[in-house]
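So you can see what is in the structure, the chains are spelled out below.
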Amino acid sequence: MIRQDRLTRTLLKPLERPGVGWMLVVGVLAVVVAFGGFAWSFMMWEGFGLTGKRWPVFWGFLITNFVFWIGISHAGTLISAILRLVNAGWRRPVTRCAEVITAFALMIGGLFPLIHLGKPWLFFWLVPYPNRRLLWPNFRSPLVWDFFAISTYLTSSLLFLFLPLIPDFALIRDQSTGLRKTIYGTLALGWRGTTQQWHRLETAMQIMAVAIIPVAVSVHTIVSFDFSMAPVPMWHSSIFGPYFVAGAIFSGIAGLIIAMAALRRVLGLQEYLEPIHFENLGKLLLTMSLLWGYFTFNERLTAWYGNDVAEMNTFAATQTGSYSPLFWTMVTVNFVIPVIILSIRRFRTITGCVIASVGIVVGMWLERFLIIVPSLGHKFLPYSWGTYSPRPVEIAITVATFAAMALLYTLFAKFVPIISIWEMRAGAHTQESAPTRESVPVDARLGESHS
Amino acid sequence: MKSVYALFDTGEAAQRAVNSLRSAGYGERDITVMTAAPMEEFEFSHIGRHSYQWYIACGGGLLGLVLGTWLTTYAETSWPIVVGNMPIVPWYPNIIVIFELTMLGAVLSTVATLIVTAGLGRRTPALYDPEVTSGAILVGIGTPRADGDVEQILGAVPGARVKTV
């Protein structure tokens, strides 16, 4: 006889037959994604002339999106790994929501170098293997470092997401019939839940957490090297590595809060994604907002104090010139609003955290844009100055990536429990059971009869 | 010989069953315990704890390090080109590639070790009950010594539902 406790019932409910609302949401998102795909295909067919990229600004929306999505990916695996290592009890309902963001954001972010190639069918030129003349790619190039960093992080993140899914796949396998049983049975890899399997899984997760934290830090540092290794005004800065990592974690947490709030509302998970989870993430977001402000101030002060002509041109363009509306919007939504909302306890509610997070996601996208475009448009010699304005294909592709993220997340939550059932059970055991010495009969005490 | 197991609703009852089996002379290798989630607060959850996963992960990382060092050095010396006034084998940039491959080696070896040592991917095992994933705790013996022996021991624990497969 298969029984279902309340926790299992609630967390498996979203996996039941989809309703009209779900189909409608998926349909709309799929149409937007398809439109983005069409825009990309059209761009491949017609060439890069369709984009707003003109000399000297050859990195625009596409590379902005690349950096932005790689940044968003830092929400999941990194936060989940840190919370696992410090054994934070409140992590249990949060970790999978976070890990999924990493996997999908990396897939989307990783797509942009291919889109930016213009001829994506030649993507294998990025792969480090020798060509017909036995010439290898240049290992001194940050673009090759990107290949290694992103592929390592993507592989690790997918495995980090998959491993703790195995026991939940086994649960679904045991409660299903027919084709569903076969599919989930295959994914469960013959999981039985022996004590040995639990030890192996938990140790593996610990090792992965230890390994994945430095990888996550390295990934965004390496993405920052794409800029800081070039002698371009406001790019060639030693602070770029930590600045990018802090910004990535910042935007990642904001993305996680938005996703959790949506899941909570849509899937009715109010009992498991509690206000305390948002409160804790809100505190983390506040810390990151302050850190972001600190780094931004540092970066700008150094440029301003140095008073280098080329750097000051870029500086002025963003601070008081044509890019200043974007710059001050970025400062407002990344620093002013989050600090006000999140530092006052009364405002650090779910709604408050979501409002701050939406602003931060917008602000961090603007930050990536403001790092890339003004610097390329204001190089050392005035003859190489230029501007950039995005064209419809780039805007369509950008919008489609947000829809793709929402679509992938919606589909994932339909087929896989978005909150780890076994981890919630383990947490419940720890809280409830913890038997006192007196409450347990003598022969049931921890191995006493054996010893 | 048929496998014998019992299902329990509480960790205390399962612990008592494990203790009884040990008293009857069954060792840790003979006893199988299955749960829907880790139950660290009970001693039975320590069965099969010992593993070399950390060492193997370090070994995998070392392998990645060697591979990364070889790949960068070999590629740069097989067609030596001076780029940006850097040496033919520039260590600063190479360390980035070597680091990533080191971590990848550690991660992949961890997953491979998990699959092998946890027995994942094997065909349907003899001793299993789908009630386990619903919260029941299974305590069983894959190959009992004598007929009736294990049934009797497990049946003596209050709340046990004894089964044979």
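Residues numbered from 1 in each chain as written. Chains lettered and ligands numbered in written order. Predicted model: local features only at pLDDT ≥ 70, side-chain atom pairs only at ≥ 80, totals over all residues.

Each helix and strand in chain A was counted, giving 16 helices and 0 strands. Taking 451 residues into account, the globule formula puts the C-alpha radius of gyration at 22 Å, and chain A, at 24 Å, falls close to it. Projected onto the principal axes, the alpha-carbon positions of chain A cover approximately 85 × 50 × 50 Å. The burial tally for chain A puts 46% of its 451 residues in the buried class. Long-range pairs, those at least 24 residues apart, make up 81% of the contacts in chain A with a sequence separation of at least 6. (Helix = DSSP H or I, 4+ residues; strand = E, 2+ residues; numbered from the N terminus. Rg over C-alpha atoms; globule rule 2.2 N^0.38 Å. Buried ≥ 20, exposed ≤ 12 C-beta atoms within 10 Å, placed from the backbone. Contact = placed C-beta atoms within 7 Å.)

If you tally the helices and strands in chain B, you get 4 helices and 4 strands. Along the chain direction, N to C, the helices and strands of chain B fall in the order β-α-β-α-α-β-α-β. For 165 residues, the compact-globule estimate of 2.2 N^0.38 gives 15 Å, and chain B exceeds it by more than 25% at 25 Å. Overall, the C-alpha framework of chain B stretches about 80 × 30 × 30 Å when taken along its three principal axes. The proportion of buried residues among the 165 residues of chain B is 44%. Contacts spanning at least 24 positions in sequence make up 79% of the contacts within chain B whose residues lie at least 6 apart.

Our next topic: the sheet that holds strand 3 (residues 137-141) of chain B. Consider a sheet: its strands pair through backbone hydrogen bonds, and that pairing is either parallel or antiparallel. All names here are of chain B. Strand order in the open sheet formed by 4 strands is 2-3-1-4, with antiparallel pairing between adjacent strands. Two strands close off the open sheet at either side, each with one partner strand: strand 2 (31-34) and strand 4 (161-164). In this sheet, adjacent strand axes meet at a mean angle of 20° when their direction is disregarded. Of the strands in this sheet, strand 1 (4-8), strand 2 and strand 3 touch helix 1 (residues 11-23), which is tilted by about 10° from strand 3. (Pairing = 2+ DSSP bridges. Axes fitted to C-alpha atoms, helices over the stretch in contact; angles between N-to-C directions.)

To continue, consider the interface of chain B and chain A. With 63 residues of chain B at the contact, the number on the chain A side is 58 residues. Elements that contribute at least two residues to the side of chain B that touches chain A include exactly helix 1, strand 2, helix 2 (53-78) and helix 3 (91-117) of chain B. By residue class, the composition of the side of chain B that touches chain A is 33 nonpolar, 20 polar and 10 charged. (Nonpolar A, V, L, I, M, F, W, Y, C, P; charged D, E, K, R; others polar.)

Per the domain assignment, the segments making up chain B are domain 1 (4-48 + 125-164) and domain 2 (53-117). One C-alpha centre belongs to domain 1 of chain B, the other to domain 2 of chain B; they are set 45 Å apart. (Domains from an automatic or database assignment.)

Our next topic: the packing of helix 10 (residues 240-266) of chain A against helix 11 (residues 275-306) of chain A. All names here are of chain A. Running from amino to carboxyl end, helix 10 crosses helix 11 at an angle of 150°, the nearest separation of the two axes being 9 Å. Here helix 10 is positioned roughly antiparallel relative to helix 11, judged by the angle of their axes. At the point where helix 10 passes helix 11, the crossing takes the left-handed sense. Two secondary-structure elements touch here, helix 10 through Pro242, Tyr243, Ala246, Gly247, Ile249, Phe250, Ile253, Ala254, Leu256, Ile257 and Met260 and helix 11 through His277, Phe278, Leu281, Leu284, Leu285, Met288, Ser289, Leu291, Trp292, Phe295 and Glu299. Along the lines of polarity and charge, the residues of the contact of helix 10 with helix 11 split into 18 nonpolar, 3 polar and 1 charged. (Parallel < 35°, antiparallel > 145°, perpendicular 65-115°, else oblique. Left-handed = near helix turned anticlockwise from the far one by under 90°.)

Right, let's get into the pairing of strand 1 of chain B. All names here are of chain B. The buried fraction of strand 1 is high, at 5 of 5 residues. Alternating positions in strand 1 separate into two faces, Val4, Ala6 and Phe8 on one and Tyr5 and Leu7 on the other, with burial throughout. Note that strand 1 and strand 3 share 5 bridges and pair antiparallel. Following the sheet pairing, tyrosine 5 is matched in strand 3 by glycine 140. In this structure, strand 1 lies alongside strand 4, joined through 4 bridges in antiparallel fashion. Bridging from a neighbouring strand, tyrosine 5 pairs with lysine 163 of strand 4.

Moving on, we get to the environment of asparagine 94 of chain B. Summarising the element assignment, asparagine 94 of chain B is placed in helix 3. Exposure remark for asparagine 94 of chain B: the 19 C-beta atoms within 10 Å place this residue in the partly exposed category. The spacing of asparagine 94 of chain B and serine 45 of chain B is 49 residues in sequence and 44 Å in space, taken between C-alpha atoms. If sequence neighbours within four positions are ignored, asparagine 94 of chain B has contacts with Phe139 of chain A together with Thr72 and Val89 of chain B.

Looking now at the packing of helix 2 (residues 20-46) of chain A against helix 15 (residues 392-415) of chain A. Between two packed helices, what matters for the description is the angle formed by their axes and the separation of those axes. Residues and elements named next belong to chain A. Put simply, helix 2 and helix 15 touch, their axes get as near as 8 Å, and they point 145° apart. Along this stretch, helix 2 crosses helix 15, giving a crossing that reads as left-handed. Among the residues forming the contact of helix 2 with helix 15, the class breakdown is 21 nonpolar, 3 polar and 1 charged.

The next subject is unusual backbone geometry. Of all residues except glycine, most have a negative phi; of all peptide bonds, most are trans. All names here are of chain A. Cis geometry marks the peptide bond from tryptophan 55 to proline 56; its omega dihedral reads 5°. For proline 56, the location among the structural elements is in the loop between helix 2 and helix 3 (61-72). Positive phi, close to 70°, is recorded for methionine 234, a residue that is not glycine. Examined against the element boundaries, methionine 234 turns out to sit in the loop between helix 9 (195-228) and helix 10. In this structure, asparagine 307 is a non-glycine residue whose phi angle is positive, near 60°. Structurally, asparagine 307 is set in the loop between helix 11 and helix 12 (309-319).

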